[in-house]
Amino acid sequence: MTEPAAARMAFTVLDIAADPYSAAPRLTARLRIEDSGGERVHAVVLRCQVRIEPQRRPYDQAERDGLIGLFGTGDRWSDTLRPFLWMQCDTTVQGFTGSTEADLALPCTYDFDVVGSRYLHALGSGSVPLNLLFSGTVFTRGADGRDFAVRQVPWDCEARYAMPVAVWRQLIDAHFPHSGWIRLDRDTLARLADVRARRGHIGWDETVETMLDEIGQVAP
């Protein structure tokens, strides 16, 4: 029995690097795509889910403390440390025969309402265990050599990659040097602005640090 054409495609992540010229934070994954069907692939409309698999790496005590808000205390990690979706992205791959390399843009955010941002912020060193899950549509020539044929990227196509934490740090430091941001409700922001104005603080850091110090002084 002949192996179905959809089962002949394989993906490898060669590298993930920070894009130095993007207006917004973005990583670029360099992919190697192999198709052993022997036919000319005219294009691939490729979709990708990028998942983080936190259970696949160790953590020091500082990282464990930083991840309590996501996974709870260490005694719960056997239940809570599970893969989660970081982002979804897509690209169009140009025609090739046999194999090719292509870039996949990975747009990032430093919004702390996003689980991936909170997780990555807590990491000090080592690597980020990623799993890229691929799907999409492959366009080839039909059997008569004239009409196009269409097949799907098989659902089980995936590629794991250990992205150095330093790559993420490089990206964030380029766009948010020694800073970050959180989204606040308008009413909350108005109250915070009022506190800043009444106390004569020069910047937002001074306002928030003063409030945190006051909370620390009265905490049991």
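Preceding this paragraph is the structure being described.
A brief report on the enclosed structure follows. Predicted model, so just to flag it, every value in this text is computed and none were measured. (Residues numbered from 1 in each chain as written. Predicted model: local features only at pLDDT ≥ 70, side-chain atom pairs only at ≥ 80, totals over all residues. Heavy atoms only, no water.)

### Quick notes on the pattern of salt bridges
Link 1 in the chain: Tallying each qualifying case throughout the model produces ten salt bridges.
Link 2 in the chain: For the salt bridge of Glu39 with Arg151, the shortest nitrogen-to-oxygen distance reads 3.4 Å. In this pair, Glu39 is assigned in the loop between strand 2 (26-35) and strand 3 (41-52) and Arg151 in strand 7 (residues 148-152), connecting sequence segments 112 residues apart.
Link 3 in the chain: Note that Arg57 is salt-bridged to Glu63, the shortest N-O span being 3.0 Å. Residues Arg57 and Glu63 agree in their burial class; the two are buried.
Link 4 in the chain: In the salt-bridge network here, residues are joined through shared partners; they are Arg30, Glu101 and Asp103. (Salt bridge = Lys/Arg side-chain N within 4 Å of Asp/Glu carboxyl O. Helix = DSSP H or I, 4+ residues; strand = E, 2+ residues; numbered from the N terminus. Buried < 20%, exposed > 50% of the residue type's maximum accessible area, 1.4 Å probe, protein only.)

### Examining a nonpolar patch on the surface
Link 1 in the chain: Taken together, Ile182, Leu184, Leu189 and Trp204 make up a surface patch of nonpolar side chains, about 380 Å² in accessible area.
Link 2 in the chain: Note that Leu189 resides in helix 6 (residues 186-199). (Patch = residues over 30% accessible without salt bridge, like charges linked within 9 Å, V, L, I, M, F, W, Y side chains within 5 Å. Areas by Shrake-Rupley, 256 points an atom, 1.4 Å probe, with all protein chains shown as cover.)

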